[in-house]
Amino acid sequence: MAKKLKVEYFVEPDAAALAARAARHFVEMAEAAVAARGRARIAISGGSTPKVAFGLLADPARPWLKRMPWDKLELFWVDERCVPPDHADSNYRMTREALLDHAPLQPAQIHRMEGELAPEAAASRYESELRNSFRLEGAETPRFDLINLGMGPDGHTASLFPHTAALHEIGRLAVANHVQNKDAWRVTLTWPVINQGASVFFLIGGADKAQILKEVMLGPRDPERLPSQLIAPAGGILTLFLDKAAAALLPATNEQGFGSFEREE
Ligand code: 6PG
């Protein structure tokens, strides 16, 4: 029998409201993980959409900085560009500037991908980092409490780009992935690891994402072209936080901005 994935989506009026919704989600999910398991292991994405949410988390004028259980947090990355950590393209650098420089996190709580290394070495080192942090044995995979994903207008998520080798990697935890049309290397968690997350959400804003979001969520299955279709969390629920522009081509929501549908896997 085909497996079903429940997709739940929350639509905010604009980018600012979307960032606030995401900041609240980070804090609420961290609180829930700490209550259930004593700590929150969170994997975050790069890109422009989370940056605004990270800024809100770090803003002393907002409630989140005080509320976040920082001392119980372990921060990981979903993907990284293969550049040094102070490079303008570095996901670590973006997060450091928006969040880490302003939040009470100790260096030992921050598990970055080492984009400055040779791509394969960076991926292997990250696998070791995950094995040690999660105390994994044998073929065990890490189970993050929360995973934050973005989606590119080409349907990529994490650094799982269309028609790239990493889409076929199911045995490893992290891999190097060459992205031909960017002529660049990335390091990315593999999709089976992402799907193992206790809670996985996409954060997507902007009119340029509306068409691809519709194709990914409602169109025929074609993960080679639409890698975001590989994301189907083991718990059976996928959460999307969207702004109105990105959600324009999905089925209408209720008055509270909530919608859901089921997708066959
Ligand atoms: C990265 C990512 C990537 C990102 C999407 C969406 O390092 O670029 O992790 O997968 O999430 O490209 O990015 P935006 O939020 O900037 O649209």
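Residues numbered from 1 in each chain as written. Predicted model: local features only at pLDDT ≥ 70, side-chain atom pairs only at ≥ 80, totals over all residues. Heavy atoms only, no water.

J.: Just checking my understanding: could you explain the site of the ligand for this structure?
T.: The immediate surroundings of the ligand are formed by 16 residues, with Thr49, Asp79, Arg81, Ala158 and Lys209 found nearest. Taking Gly46, its main chain carries an N or O atom lying 3.2 Å from an oxygen atom of the ligand. In this structure, an oxygen atom belonging to the ligand sits 2.6 Å away from a main-chain N or O atom of Ala158. Out of a free accessible area of 420 Å², the ligand has 89% covered by protein chains. (Near = heavy atom within 4 Å. Polar contact = N/O pair within 3.5 Å; in protein donor to acceptor, adjacent residues only side chain to side chain. Areas by Shrake-Rupley, 256 points an atom, 1.4 Å probe, with all protein chains shown as cover.)

J.: What is the right way to read the side chain of Thr239 from this model?
T.: Structurally, Thr239 can be placed in strand S10 (residues 237-243). Excluding its chain neighbours within four sequence positions, the residues that come into contact with Thr239 are Glu8, Phe10, Val200, Phe201 and Phe202. (Helix = DSSP H or I, 4+ residues; strand = E, 2+ residues; numbered from the N terminus. Contact = heavy atoms within 4.5 Å.)

J.: I keep staring at the sheet that holds strand S9 (residues 200-204) and nothing clicks. Help me out?
T.: Strand pairing in a sheet takes place through backbone hydrogen bonds and is either antiparallel or parallel in direction. Taken in spatial order, the eight strands line up as S5-S3-S2-S6-S9-S10-S1-S11 in an open sheet, and their pairing is mixed. Among the strands making up the open sheet, the edge pair consists of strand S5 (110-111) and strand S11 (258-264). Where S9 meets S10, four bridges bridge the pair, whose relative direction is parallel. Within the sheet, the bridge partner assigned to Leu203 lies in S10 and is Phe241. Contacting strand S2 (40-44), strand S3 (73-77) and S5, helix H5 (residues 119-133) crosses the sheet at an angle of about 160° to S3. (Pairing = 2+ DSSP bridges. Axes fitted to C-alpha atoms, helices over the stretch in contact; angles between N-to-C directions.)

J.: Looking at this structure, how should I read the sheet that holds strand S4 (residues 79-81)?
T.: The strand order across the open sheet formed by three strands is S4-S8-S7, and the pairing between neighbours is antiparallel. At either margin of the open sheet sits one strand with a lone partner, and together these are S4 and strand S7 (174-179). Strand-to-strand twist in this sheet, taken as the mean axis angle between neighbours without regard to direction, amounts to 25°. Bridge count for S7 against strand S8 (residues 184-189) is six bridges, and the pairing is antiparallel. Bridge assignment links Val179 to a residue of S8, and that residue is Ala184. Lying over the sheet, H5 contacts S7 and S8, oriented at roughly 155° with respect to S7.

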